[in-house]
Amino acid sequence: MDKEHEVLLNGFLIAKKRYRVYYNAGILVWEEEAAKKAKVAVPITDILSVVLSNRANPTTNGRKRWLECTNSPKAASSSSTSSSSSRSAKATSDGGPHDSSLDSDRIPVLSSSLSSTTTSNTLATSSHSNRDSSDELSNSDVRREGDFYGDGSKTIVGKYLIIHYAALVCPKTSRWRVKNVVLHNAEQRIVNHWYTRLTDDLRDQKRPKNLLLFLNPYGGKKNALALYERFAKPLFRLADVDVNLIITQRAQQIYDIVTSKGITLGCYDGLVCCGGDGTFAELFNGLVARTMADLGLDVKHPPYLPKPNIPIGVIPAGSTDTVAYCLNGTTDIKTSIIHIILGQHSGLDIAAVYDATSMKQPENQPGVRPRPQLLKLYASVLSYGYLGDIAYDSEKYRWMGPKRYDYSGFKKFLRNRGYNGEIIVNIDRDGKHDPNDGVRCVEKCSRCHRAIFGLRDSTFTGGGSSSDSDENSAEQQIVISGKFLMVNGANISCSCQRSPQGFSPFCHLGDGQLDLVVVRHTSLFNNLRLLLTMTSKSKKISDLPFVEIYRTKEFRFTTPYVGNSGAGEQSRLSRWNCDGEVLVETNIIVESNCQLVNVFRRGIIPDRAADTMLQTMTTPSTAALPNDDKGSSCFGLCK
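The text that follows walks through the structure, step by step, so that each part is easy to find. These numbers come from a predicted model, not from an experiment.

Procedures and definitions
- Residues numbered from 1 in each chain as written.
- Predicted model: local features only at pLDDT ≥ 70, side-chain atom pairs only at ≥ 80, totals over all residues.
- Heavy atoms only, no water.
- Phe/Tyr/Trp six-rings, centres within 6.5 Å; stacked < 30°, edge-to-face > 60°.
- Helix = DSSP H or I, 4+ residues; strand = E, 2+ residues; numbered from the N terminus.
- Buried < 20%, exposed > 50% of the residue type's maximum accessible area, 1.4 Å probe, protein only.
- Salt bridge = Lys/Arg side-chain N within 4 Å of Asp/Glu carboxyl O.
- Axes fitted to C-alpha atoms, helices over the stretch in contact; angles between N-to-C directions.
- Parallel < 35°, antiparallel > 145°, perpendicular 65-115°, else oblique.
- Left-handed = near helix turned anticlockwise from the far one by under 90°.
- Contact = heavy atoms within 4.5 Å.
- Nonpolar A, V, L, I, M, F, W, Y, C, P; charged D, E, K, R; others polar.

Right, let's get into the packing of aromatic side chains. Counting across every chain of the model gives 7 aromatic pairs. When the ring of Phe12 is compared with that of Trp194, the centres are 5.4 Å apart and the planes differ by 85°; the resulting orientation is edge-to-face. Of this pair, Phe12 sits in strand E1 (residues 8–14) while Trp194 is found in helix H3 (residues 188–203), placing the two residues 182 residues apart along the sequence. Phe12 sits in the buried class, given a relative accessible area of 0%. Centroid distance Phe557 to Trp576: 5.2 Å. Interplanar angle 90°. Geometry classified as edge-to-face. In this pair, Phe557 is assigned in strand E22 (residues 554–558) and Trp576 in strand E23 (residues 576–578), connecting sequence segments 19 residues apart. Take Phe557 and Trp576: they sit in the same class, and that class is buried.

Per the stated rule, a full pass over the model turns up 17 salt bridges. Between Lys261 and Asp294 there is a salt bridge; the shortest N-O distance is 2.5 Å. Note that Lys261 is positioned in the loop between helix H5 (253–259) and strand E13 (270–275) and Asp294 in helix H6 (residues 277–294), a separation of 33 residues in sequence. What makes Lys261 exposed here is its relative accessible area of 56%. Salt bridges sharing partners connect three or more residues here, namely Asp437, Arg447, Asp515 and Arg551.

Right, let's get into the packing of helix H9 (residues 386–394) against helix H10 (residues 403–415). Contact geometry of H9 with H10 gives a least axis separation of 9 Å together with a crossing angle of 125°. As judged from the angle between their axes, H9 and H10 are oblique. Here H9 and H10 pass one another in a crossing that is right-handed. Facing H9, whose interface residues are Tyr386, Asp389, Ile390, Asp393 and Ser394, H10 presents Arg404, Tyr405, Ser408, Gly409, Lys411, Lys412 and Phe413. Along the lines of polarity and charge, the residues of the contact of H9 with H10 split into 4 nonpolar, 3 polar and 5 charged.

Positive phi, normally seen in glycine, also occurs at Asn416, with a value near 50°. Checked against the element boundaries, Asn416 lands in the loop between H10 and strand E18 (419–428). The backbone phi angle of Lys444 is positive, close to 55°, even though this residue is not glycine. Structurally, Lys444 is set in the loop between E18 and helix H11 (446–451). The exposed category is assigned to Lys444, whose relative accessible area is 80%.

By themselves, these observations are geometric and do not establish any function.
Laid out in C-alpha cells, this is it:
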C-alpha cells in the first residue's frame, strides 16, 4: 500500500490508560477507549520531534546528568548555565506525561560545542550541534540510527514513543506551547513502525536544520543572551536544529557580516536574529544588499530590488518588538521560536526609502529613467515629525534603556511642534483601496495571497485580474500640504503591546501596499486624545478628525526648506525615524515592494478558527482543569 494512503491504527497506553491511536493523511489522532469524547488531533505540520525511549520520562535522567555536569568545577564558571540548571532543578511538571507543556527550564540546556571566540572585528561566534551531543542525554534516548548520534552505532530500541508537538494554548494572545504525548506498547515492532513512519513524514516537511542566528546583547532590556539560553537553545535542541550563533558587538555589524563575501549564505536554511525591530532591520537590509551584489546590481542606485531566496526570522528581545507582534500576534518568545522551528514562512512587504534629491542614470540604458539613491529599507514604519524627534533626541539618553523613549516623548509632547511639508501620493481613483475596510491580515490571507501573483483582491475588482497598466490607470495623484505633527508610512499595522491597534489596524503584511498616516498639527488637547487613542484596545486613530489615512504603493515627501541653506531653516526640519534609526535626509520617495522577503511565521489565526482548533485539541487532562478565566481558554499554559 502507498505510504500516503496507509492508515496506522494501534492501541497504546497513555498515562496507564488505554487509547486508540491512528495516523492517516498527515493527521495524528488519539482517543481514550473508555471515553471517546476526549480526542486529540495533531497534524504532522505541528509535530516537532519523535523520540524512542525505554522510559516514559527520558528527560529525567538527562536532566540529572546535566545537573551533575553543571555542578562540576569546570562548569561552575558559567553563570548563565548555572542559573538555568537551578531553574531546571526547581521546575516541576504541571501535567501528566500524556499531555504536558514543555517549558525550556525543564529540559537540559546544551553547552556550546564550539567555545565563543572573538575575531578582529569584535565578533563573538559560537555554535551548538544537536547531532554531536549524545553525552548530554541518557543512553536510552534514541532517535534514529545515524541521525541523532551521527555514527550509526546505536540500534533502535524502546517501547515508549514520545511525540513533541506545538499547540495553540491561548487564542486571544496567539500563544503557542510545546506539549508531548507518550505512547507505550509492549510490542517493539509496532513502536518501531510508528517511529519510522512519523520521522519519515517529518523529514518531508523540509524544515530548517541549519540556522545562522544573530544576537544583539544590547537591545531592549539587554537580556537577549539570557532569553536565548533559557528559551531558544533548548527548543532548537529538541527539534534537532543546528544553530551557528553570532553575538554582535556594535551597530550595523549584522549588515556588514551578511553583505561580506566571506560568508556563504547558501549553507543555511534561514537567517534569524534575536533582538528588536532595529536588529531585524539590519538583517533584511543586509540580505537584500547581498542579493543585489550577487546579481551585479548597483547597490546605491538599483534598477529594482531582487527577492532573496533564504527566509528570515526574528526572536523578540527588544523594547517594543512591533514586527514580531504583527507577524505572530504576540511578542511571546516561545511562540516565535516554535514558528521558526516548524519552518512555515510567508512573504512580507518591505518599503524602500530613496533620496529624492539624488538621481543617477543607469549605465548603458539611456531610455530608462534615472533612479534615486536607495537610503534604507524598513518593515514597520517610517515617521517624520513627532516620532522622528523622539528617535533623534533619545539617542542622548541611551543609558536610561527603554525609558528614554518615554522621557523624550514627554518633552516633545509638551513642545508640540509642527512641521511644514508637501506630500504627493497616488491613490485609487474609485476609492476601492480603503484603509478602513475592516479586513485584518490573518492566516492564509486571500489579499496577500493574490498580491504575490499580481492579482487584485476580488473585493476590489469583483474577482478578476488586471495588468499593471490597468491598475496604474485607476490611480490618481493628490497633493497634501500644510503643517503636520507627524507623517507616517506604515508598512504593517504597527501594533504592539503599548498600542494594540497601531497606526493602521487593517494594513496587510503582504499586499504590496502601505498606509500613509497623516496627523495634522493641532492643539495640545488633541495631541493628548491621539496618545490615548493609540493606547486603546478598541479605538482607532482614523476616527480622529485631524488624522488622515491613504492606502498607496508610493508617496513623495518634500519640505519648503533647503537642507543646507542655514541653521534657522534647519531648526524647522525634523528627522525621519526608520525602524528606530534616524535618517537625516528630509526629501524622500517611499515605495512598497510586495513580499520582498520571506519570514518564518504561522500567521494570526482568526478567533473562530482558533476556538475550533482549541476544541479539537482538547485532552482529558485539560478538560478536567478548572477554568478560572473562561474567556482566555488557556488554562494557565501560556505563562
